[in-house]
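# Fold and contact review
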Amino acid sequence: MTAAVQLPVRLPAGGPNAVATAFGLLGDEWSLLILRYALQGVRRYADWRSRLPISDAVLTSRLTRLAEQGLLERVAYQERPVRYAYRLTERGRTVWPVLVAVWGWEYRWVDTHREELPWMRHAECGRHMEPVLACGGCGDCVEPRDVRSELGPSGEDGRSIPSAATRRRSAAGTEGGAGLFPETMALLGNRWSVAMLGAAFLGAHRFGEFQQRLGAPPSMVADRLRTFAALGVLEAESGTYRLTPKGRGFFPVVMTLIDWGQRWYESPEGPALVSLHRGCGRELAPRLVCGECGGGLSERGVEVVGDTTAP
Ligand SMILES: [Zn+2]
Ligand SMILES: [Zn+2]
């Protein structure tokens, strides 16, 4: 069985760009969890159902959506009655750095969570590790201040903000969340939070700068700034807002997510965001490396240890 080479999706001109599309799809906790288990080898409905506190309606809707978007491929494995399995495509498989980055951030920064999370071992050095973001061009580790990002031709006019429509299905209150990555979801699961975080990484410090970059009502900006301060991601200091170490620590999640989005979705006008590594001057290709030995991480090079739900 050889799968056809998967090509990027051409997005309509003038509409939501690659960044909005990626955050709209993956800023959903259930989808991330389904992909996480798929990467560990889960293929069948019943196997997700038994591992996740998920309802049939939600699991069905997410599997359908991930298949429609080409992250999973539905294949019949039984004829009478017909039953389907879901296989990861290349587009789905390449979400792994995002999941590793989410895991690393929760492990490092969410105290209440640390006890419950399995830990990751880097197969090559054999050590318990946390992932670190590096530049694929020169190999150096990168922090937000090492990166200069500029809006690309499809990045203007709020086109990086996920549309409300793509969010409706995951709206809290109708379905709820899994609650397994609560703080990640506080940052990724709300369209204005994502935009706020993006503005902070692009250098916004003042209320007016956030408001201008988001094009959001002042009450929304104020509400998000309060939430971010409560999470310890931003801190207010005499009228300016700065990312804390915990906020800067989320950078690998955002960069791997944007990288995935721009690899798989293309606006005809061009990219949404262009990021340069100041250190080497090249366009930043985000890579995750092992925080212990510095070696590059690969999908198979990251072993999850102590996960009792693994298949
Ligand atoms: Zn570099
Ligand atoms: Zn290592």
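Conventions adopted
- Residues numbered from 1 in each chain as written.
- Chains lettered and ligands numbered in written order.
- Predicted model: local features only at pLDDT ≥ 70, side-chain atom pairs only at ≥ 80, totals over all residues.
- Heavy atoms only, no water.
- Helix = DSSP H or I, 4+ residues; strand = E, 2+ residues; numbered from the N terminus.
- Rg over C-alpha atoms; globule rule 2.2 N^0.38 Å.
- Buried < 20%, exposed > 50% of the residue type's maximum accessible area, 1.4 Å probe, protein only.
- Contact = heavy atoms within 4.5 Å.
- Areas by Shrake-Rupley, 256 points an atom, 1.4 Å probe, with all protein chains shown as cover.
- Lys, Arg positive; Asp, Glu negative; His and termini not counted.
- Charge placed at Lys NZ, Arg CZ, Asp CG, Glu CD.
- Donors = N, O, S within 2.8 Å, 3.2 Å for Na, K, Ca; no water.
- Tetrahedral: all angles 85-135°; square planar, octahedral: opposite > 155°, others 65-115°.
- Salt bridge = Lys/Arg side-chain N within 4 Å of Asp/Glu carboxyl O.
- Expected span 1.5 Å × (residues − 1).
- UniProt positions renumbered as here; feature names shortened; annotations may be inferred.
- Polar contact = N/O pair within 3.5 Å; in protein donor to acceptor, adjacent residues only side chain to side chain.

With an unreviewed UniProt entry as reference, the protein is termed HxlR family transcriptional regulator, source organism Streptomyces finlayi.

## Section: the overall build of the protein
Looking only at helices and strands, one finds 14 helices and 12 strands in the protein. Since a compact globule built from 311 residues should have a radius of gyration of about 19 Å, the 19 Å found for the protein is in line with a globular shape. With respect to the principal axes defined by its C-alpha atoms, the protein has extents near 65 × 45 × 40 Å. The proportion of buried residues among the 311 residues of the protein is 45%. Long-range pairs, those at least 24 residues apart, make up 70% of the contacts in the protein with a sequence separation of at least 6. Accessible surface, the protein: about 14900 Å² in total, of which carbon and sulfur atoms supply 49%. In the protein, which carries 37 positive and 34 negative side-chain charges, the distance between the mean positions of the two groups comes to 4 Å.

## Description of the coordination of the zinc ion (ligand 1)
Taken together, the protein ligands of the zinc ion (ligand 1) are Cys135 (SG), Cys138 (SG), His277 (ND1) and Cys280 (SG), with distances of 2.0 to 2.4 Å. Every donor counted, the 4 donor atoms about the zinc ion (ligand 1) form angles of 102 to 116° at the centre, which fits tetrahedral coordination. Mapping the donors of the zinc ion (ligand 1) onto the primary sequence gives the spacing C-x2-C-x138-H-x2-C. Accessibility expressed as a relative area gives 3% for His277, which makes it buried.

## Structural notes on the pattern of salt bridges
Opposite charge on two side chains permits pairing when their charged atoms draw close. On inspection of all chains with the given rule, the structure shows 13 salt bridges. Among the salt bridges present, the one from Arg10 reaches Glu266, with a minimum N-O distance of 3.3 Å. Taken together, the positions of Arg10 in strand 1 (residues 9-10) and Glu266 in strand 9 (residues 265-266) put the pair 256 residues apart, joining distant regions of the chain. Taking relative accessible area as the criterion, Arg10 reaches 58% and is therefore assigned exposed. The partly exposed category is assigned to Glu266, whose relative accessible area is 31%. Close ionic contact of Lys246 with Glu183 constitutes a salt bridge, the shortest N to O distance being 2.6 Å.

## Remarks on unusual backbone geometry
Look at the link from Arg80 to Pro81: it is a cis peptide, with omega at -5°. Along the polypeptide, Pro81 turns up in the loop between strand 2 (72-78) and strand 3 (83-88).

## A word on the coordination of the zinc ion (ligand 2)
Taken together, the protein ligands of the zinc ion (ligand 2) are His122 (ND1), Cys125 (SG), Cys290 (SG) and Cys293 (SG), with distances of 2.1 to 2.4 Å. Taken together, the 4 donor atoms coordinating the zinc ion (ligand 2) span angles of 99 to 119° at the metal, a pattern that classifies the geometry as tetrahedral. Mapping the donors of the zinc ion (ligand 2) onto the primary sequence gives the spacing H-x2-C-x164-C-x2-C. One end of the pair, His122, is in strand 4 (residues 119-122); the other, Cys293, is in the loop between strand 11 (286-290) and strand 12 (302-305), and 171 residues separate them in sequence.

## Digging into helix 6 (residues 96-109)
Residues spaced three or four apart along an α-helix point in a common direction, a consequence of the helix completing one turn every 3.6 residues. Between its first and last C-alpha atoms helix 6 spans 20 Å; for 14 residues at 1.5 Å apiece the expected length is 20 Å, and the two agree. Within helix 6, 12 of the 14 residues are buried, leaving the element largely enclosed by the surrounding structure. Regarding helix 6, the residues found buried are Trp96, Pro97, Val98, Leu99, Val100, Ala101, Val102, Trp103, Gly104, Trp105, Glu106 and Tyr107.

## A word on the UniProt feature "domain: HTH hxlR-type" (unreviewed entry) in the protein
UniProt's entry tags residues 15-114 and 178-269 with the feature "domain: HTH hxlR-type" (unreviewed entry), counted in the numbering of this structure. Annotation note: span residues 178-269, helix share 63%, strand share 11%, distance between end C-alpha atoms 37 Å.

## Looking at the environment of Glu299
Within the secondary structure layout, Glu299 lies in the loop between strand 11 and strand 12. The class of Glu299 is partly exposed, set by a relative accessible area of 22%. Once the C-alpha coordinates of Glu299 and Pro97 are considered, the two residues, 202 residues apart in sequence, prove to be 7.7 Å apart. In contact with Glu299, other than residues within four places in its own chain, are Leu39, Arg93 and Trp96. Looking at Glu299, its side chain comes within polar contact range of the side chain of Arg93, at 2.6 Å.

## Focus: helix 12 (residues 218-231)
Under the 1.5 Å per step criterion, the end-to-end length of helix 12 is 20 Å for 14 residues, consistent within 8% with the ideal 20 Å. Buried residues belonging to helix 12 abut helix 9 (182-188), helix 10 (191-201), helix 11 (207-214), strand 7 (234-237), strand 8 (240-243) and helix 13 (245-248). Looking one or two residues past helix 12, Gly232 carries a phi angle of roughly 80°, positive in sign.

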